[in-house]
Amino acid sequence: MTMLNLKKGTLAAALAFSMILSVPAILLQPSGSVYAADASGTTASIADVIKNQQSDGGWKKDYSVTSGDWAKSTIDNKATYTEIRRLAAEFKKTNNSQYSAAAIKGINFLLNMQYANGGFPQIYQSSGYHTHITYNDNAMINVVTLLDEVANKKGDFSFIDSTLASKSKQAVDKAVDCLLKTQVTVGGKLTVWGQQHDSATLKPAGARAYEVPSLCANESVGIVKFLKTRSSTTAIAASIKAAEDWFKAVKITGIRVVKTADDVVVVEDSSVTTPIWARFYEIGTNKPIFVGRDGVVKYKLSDIDQERRTGYSWYGNWPSSVVN
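Residues numbered from 1 in each chain as written. Predicted model: local features only at pLDDT ≥ 70, side-chain atom pairs only at ≥ 80, totals over all residues. Heavy atoms only, no water.

1. A short note on helix H4 (residues 97-113)
Side chains of residues three or four places apart in an α-helix project in the same direction, reflecting 3.6 residues per turn.
Then, in step 1: In this model H4 runs 24 Å from its N-terminal to its C-terminal C-alpha over 17 residues, within 8% of the 24 Å that 1.5 Å per residue would give.
Then, in step 2: Restricting attention to buried positions, one finds in H4 the residues Tyr 99, Ser 100, Ala 102, Ala 103, Gly 106, Ile 107, Phe 109, Leu 110, Leu 111 and Met 113.
Then, in step 3: Next to the buried residues of H4 lie helix H2 (46-51), helix H3 (81-94), helix H5 (139-151) and helix H6 (162-182).
Then, in step 4: Capping of H4 at its N-terminal end is provided by Asn 96; its side-chain oxygen lies 2.9 Å from the backbone amide nitrogen of Gln 98. (Helix = DSSP H or I, 4+ residues; strand = E, 2+ residues; numbered from the N terminus. Expected span 1.5 Å × (residues − 1). Buried < 20%, exposed > 50% of the residue type's maximum accessible area, 1.4 Å probe, protein only. Contact = heavy atoms within 4.5 Å. Polar contact = N/O pair within 3.5 Å; in protein donor to acceptor, adjacent residues only side chain to side chain.)

Right, dumping it as structure tokens:
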């Protein structure tokens, strides 16, 4: 990658700031943290969780929204599966059947939400990109992980009856089949997954303007980790190996991703040997891509608008947890 054309003062400030950060100086979001964009159910009182369960059994992302697709039940930003987990935990503490009943209703919602092909949309009975099979922010993987616990009556889900457990196992099996079928093949070779996939064609699909069809390093890690929890089959083993090979092939060294006072810049540094990855790669070329709100694909972070440079995680070390 080429050195960004920065004024000496700006570059000096950027490099100075990078010394404060861990090596390499990468902008990463720690796993498990709660951000402002997380769904209402992550922080709402248990009384509000009960109050805001919708008639179909799911929950909105933002309890205050009253119209449009975002007023419908969703799995975006930790919605619905978080409420179910909280209700199950509350039932275990109190033995109050109100909580177990609401959790069961939520689980049945997830089973109803699932497509026949095993995928899950971002929003139930919605429109536009919300109908895509959604791996973004690990939405589908988090749902399937919950359903796997329900299927095995693990942890707080020991109260689940055998019928619901069996239905949940079938849903997990269908989801695994969907994961295998949506893994992108390029030139006859398996790679990884897109951030979302068309529910009919199963091909990578776009969402917001800056989320174009591509190969996604971030969410593909979550998929690989989940597949590793399954009993191995020839197909699952091949899927995992192909994804790990792809991660190794597209890793990036020799750069720092540095946050200045008001921007994010990429600085060449040959001393950096710890790999990082771009969030998105172009299908067919494996080139890192960056996209602003105009929807135009660029090959350098500096070429997109500042608001998007600073408002999205374009680089990360996500695959380091599954490859050396």
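2. Section: the nonpolar core
Then, in step 1: The biggest cluster of nonpolar side chains holds 82 residues, and the ones touching the most others in it are Leu 110, Met 140, Leu 147, Phe 247, Tyr 281, Trp 314 and Tyr 315.
Then, in step 2: In this view, Trp 314 contacts Tyr 210, Trp 277, Ala 278, Arg 279, Phe 280, Ile 289, Phe 290, Val 291, Leu 301, Ile 304, Arg 308 and Arg 309; residues no more than four positions away in its chain are not counted. (Core = buried A, V, L, I, M, F, W, Y, C linked by side-chain atoms within 4.5 Å.)

3. What about the packing of H5 against H6?
Then, in step 1: Remark: H5 packs on H6, axes separated minimally by 8 Å, with the N-to-C direction vectors making an angle of 145°. Handedness of the crossing formed by H5 with H6: left-handed. Across the interface between the two elements, Met 140, Ile 141, Val 144, Leu 147, Asp 148, Val 150 and Ala 151 from H5 touch Ala 165, Ser 168, Lys 169, Ala 171, Val 172, Ala 175, Cys 178 and Leu 179 from H6.
Then, in step 2: Here the residues of the contact of H5 with H6 are counted per class, giving twelve nonpolar, one polar and two charged. (Axes fitted to C-alpha atoms, helices over the stretch in contact; angles between N-to-C directions. Left-handed = near helix turned anticlockwise from the far one by under 90°. Nonpolar A, V, L, I, M, F, W, Y, C, P; charged D, E, K, R; others polar.)

4. Some words on the side chain of Asn 218
Then, in step 1: With respect to the element layout, Asn 218 can be found in helix H7 (residues 217-227).
Then, in step 2: Those residues in contact with Asn 218 that lie beyond four places of it in its chain are Arg 279 and Trp 318.

5. Thoughts on the environment of Phe 91
Then, in step 1: The topology assignment puts Phe 91 in helix H3.
Then, in step 2: Among the residues examined, Phe 91 registers a relative accessible area of 15% and is labelled buried.
Then, in step 3: Distance from Phe 91 to Ala 101, taken between C-alpha atoms, is 9.2 Å for residues ten residues apart in sequence.
Then, in step 4: Apart from residues lying up to four places away in sequence, Phe 91 is in contact with Asn 96, Ser 97, Tyr 99, Ser 100 and Phe 159.

6. Details of the packing of H3 against H5
The relative placement of two packed helices is expressed as an angle between their axes plus a distance between the axes.
Then, in step 1: Two elements in contact, H3 and H5, have axes separated by 10 Å at closest approach and are oriented at 30°. Judged on the interaxial angle alone, H5 and H3 are roughly parallel. When the axes of H3 and H5 are compared, the crossing they make is left-handed. Residue-level inspection shows Tyr 81, Ile 84 and Arg 85 of H3 in contact with H5, the latter providing Ala 139, Asn 142, Val 143, Thr 145, Leu 146 and Glu 149. (Parallel < 35°, antiparallel > 145°, perpendicular 65-115°, else oblique.)

7. As for the packing of aromatic side chains
Then, in step 1: Throughout the structure, instances matching the rule amount to eleven aromatic pairs.
Then, in step 2: Both rings, one in Phe 91 and one in Phe 159, keep their centres 5.0 Å apart while their planes meet at 65°; by these two values the pair is edge-to-face. With Phe 91 in helix H3 and Phe 159 in the loop between H5 and H6, this pair connects stretches of sequence that are 68 residues apart.
Then, in step 3: Owing to a relative accessible area of 22%, Phe 159 belongs among the partly exposed residues under this scheme.
Then, in step 4: Ring plane angle 80° and centroid distance 5.0 Å describe the contact between Trp 246 and Tyr 281, whose orientation is recorded as edge-to-face. With Trp 246 in helix H8 (residues 234-250) and Tyr 281 in strand E9 (residues 280-281), this pair connects stretches of sequence that are 35 residues apart.
Then, in step 5: For Trp 246, a relative accessible area of 5% corresponds to the buried category.
Then, in step 6: Of the aromatic side chains, those joined through ring pairs into one cluster are Tyr 210, Phe 280, Phe 290, Tyr 312, Trp 314 and Tyr 315.
Then, in step 7: A cation over an aromatic ring shows up here: Lys 287 above the ring of Tyr 299, its NZ or CZ 5.1 Å from the ring centre. (Phe/Tyr/Trp six-rings, centres within 6.5 Å; stacked < 30°, edge-to-face > 60°. Lys NZ or Arg CZ within 6 Å of the ring centre and 35° of its normal.)

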